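Examination of the molecular architecture
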Amino acid sequence: MKLTAIIERAQDGGFTIHAPEVFGVYAPAPTESEAKAEFLEMLEEQAVEIFEQDGEYPQWYVPGKDIEVEYTYSLSGFFEAFPFFNASKFAEAIGINPSLMRRYKSGIGGISNKQKQLIQDELEKVLENLQAVRL
């Protein structure tokens, strides 16, 4: 079973990672790579703890194998990981109020599924255009 983990911007400017399917595993760190390493270590510890309590490992853990994790970004995590993307300019380009995008970037307020899908679709277009760049 592959876990989905969400990378978010921490209040101190670093990163935090958590998986909604795994209660209590929350990995903060100054960099994304450190947060990922901490997250995997904490998952391993959680799996062993569950085994000691219940006599069996959780579905997402197989002893001796790497834990499969698919990382996704919250908007705050995305803009922290890729600071060269200007949130206000991106919002203008896709037709979203720049102040609203800055709120999403800072993690203030919720985002509707419709708005999230619009942003996802536009990011995919940017990625497609970037893949065509040759220098």
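Preceding block: the structure.
Throughout this description, residue numbers start from 1 for each chain and increase along the sequence as written. Residues qualify for local features only when their pLDDT is at least 70, as the model is predicted, and side-chain atom pairs are given and counted only at 80 or more; totals for whole chains, interfaces and linings, by contrast, use all residues. Hydrogen atoms and water are omitted, and side-chain values are computed over all heavy atoms in the structure.

Below, the discussion takes up a negative patch on the surface. A surface patch of negative charge is lined by Glu38, Glu41, Glu44, Glu45, Glu49 and Glu52. For the purposes of this entry, the term helix denotes a DSSP run of H or I that reaches at least four residues, the term strand denotes a run of E that reaches at least two, and both are numbered from the N terminus. Following the sequence through the fold, Glu52 ends up in helix H1 (residues 32–54). Think of it in three bands: residues with accessible area under 20% of the maximum for their type are buried, residues over 50% are exposed, and the middle band is partly exposed, with areas taken using a 1.4 Å probe on protein chains only. Note on Glu52: relative accessible area 63%, which makes it exposed. What makes a patch is a set of residues exposed beyond 30% relative accessible area and free of salt bridges, joined within 9 Å when like-charged and within 5 Å when nonpolar (Val, Leu, Ile, Met, Phe, Trp, Tyr). The method behind every accessible area is Shrake-Rupley, applied with a 1.4 Å probe, and residues are considered shielded solely by the protein chains displayed. Every case where a carboxyl oxygen of Asp or Glu lies within 4 Å of a side-chain nitrogen of Lys or Arg is listed as a salt bridge. Neither His nor the chain ends contribute to the count of charged residues, in which Lys and Arg are positive and Asp and Glu negative. The atoms used to mark charge sites are NZ of Lys, CZ of Arg, CG of Asp and CD of Glu.

Grouped together as the largest cluster of nonpolar side chains are 18 residues, with contacts concentrated most on Val22, Phe39, Leu43, Trp60 and Ile67. Of the residues forming this core, the biggest block, four residues, is contributed by H1. By definition in these notes, contact holds between two residues if any of their heavy atoms fall within 4.5 Å. Not counting chain neighbours up to four residues away, the residues in contact with Phe39 comprise Ala5, Ile17, His18, Ala19, Val25, Ala27, Val69 and Tyr71. Formed by twelve residues, the second largest nonpolar core is a distinct cluster that contains Phe79, Ala87, Phe90 and Ile94. Put simply, a nonpolar core is a bunch of buried Ala, Val, Leu, Ile, Met, Phe, Trp, Tyr and Cys residues held in one set by side-chain atoms that sit within 4.5 Å of each other.

Further remarks concern helix H3 (residues 87–94). All of the buried residues along H3 are Ala87, Ser88, Phe90, Ala91 and Ile94. Projected onto a plane normal to the axis of H3, the buried residues spread over an arc of 165° and lie on a single side. For H3, the exposed residues set more than 90 degrees away from the buried face come down to Lys89, Glu92 and Ala93. Turning to H3, the residues buried within the fold contact helix H2 (75–81), helix H4 (98–106) and helix H5 (113–131). To be clear, the arc concerns the directions from the helix axis to the C-beta atoms.

For H5, with 19 residues, the first-to-last C-alpha span of 27 Å sits near the 27 Å given by 1.5 Å per residue. Within H5, the full set of buried residues consists of Gln115, Ile119, Glu122 and Leu123. Buried residues of H5, viewed axially, fall in a sector of 105°; they line one side. In H5, the exposed positions that point more than 90 degrees away from the buried face belong to Asn113, Lys114, Glu128 and Gln131. A helix's residues, less one, multiplied by 1.5 Å, set its expected span.

Any Phe, Tyr or Trp ring, taking Trp's six-membered ring, that has another such ring centre within 6.5 Å forms a pair; planes under 30 degrees apart are called stacked, those over 60 apart edge-to-face, and the others tilted. What the rule picks out here adds up to ten aromatic pairs. Plain terms: the ring middles of Phe78 and Phe79 are 5.1 Å apart, the flat faces sit at 75° to each other, and that makes the pair edge-to-face. For the ring pair Phe78 and Phe82, a centre distance of 5.2 Å and an interplane angle of 40° mean the geometry is tilted. Classification of Phe78 by relative accessible area gives buried; the value is 12%. On the basis of relative accessibility, which here comes to 26%, the residue Phe82 falls in the partly exposed class. The ring of Tyr71 has Lys36 lying over it, and the distance from NZ or CZ to the ring centre is 4.6 Å. Only when the NZ atom of a Lys or the CZ atom of an Arg is both within 6 Å of the ring centre and within 35 degrees of the ring normal do we say a charge sits over the ring.

The next point concerns the packing of H3 against H4. Helix axes are fitted only over the stretch in contact, all axes being lines through C-alpha atoms; the angle between N-to-C directions runs from 0 to 180 degrees. Axis separation between H3 and H4 bottoms out at 8 Å; the angle between their running directions is 130°. Taken together, H3 and H4 sit at an angle that is classed as oblique. The hand of the H3/H4 crossing is right-handed. Contacts from Ala87, Ser88, Phe90, Ala91, Glu92 and Ile94 of H3 reach H4 at Pro98, Met101, Arg102 and Lys105. Orientation categories follow fixed angle ranges, with anything under 35 degrees roughly parallel, anything over 145 roughly antiparallel, 65 to 115 roughly perpendicular, and all other angles oblique. Handedness of a crossing is defined here by the sense of rotation of the near helix relative to the far one, left-handed for an anticlockwise turn of less than a right angle and right-handed for a clockwise turn.

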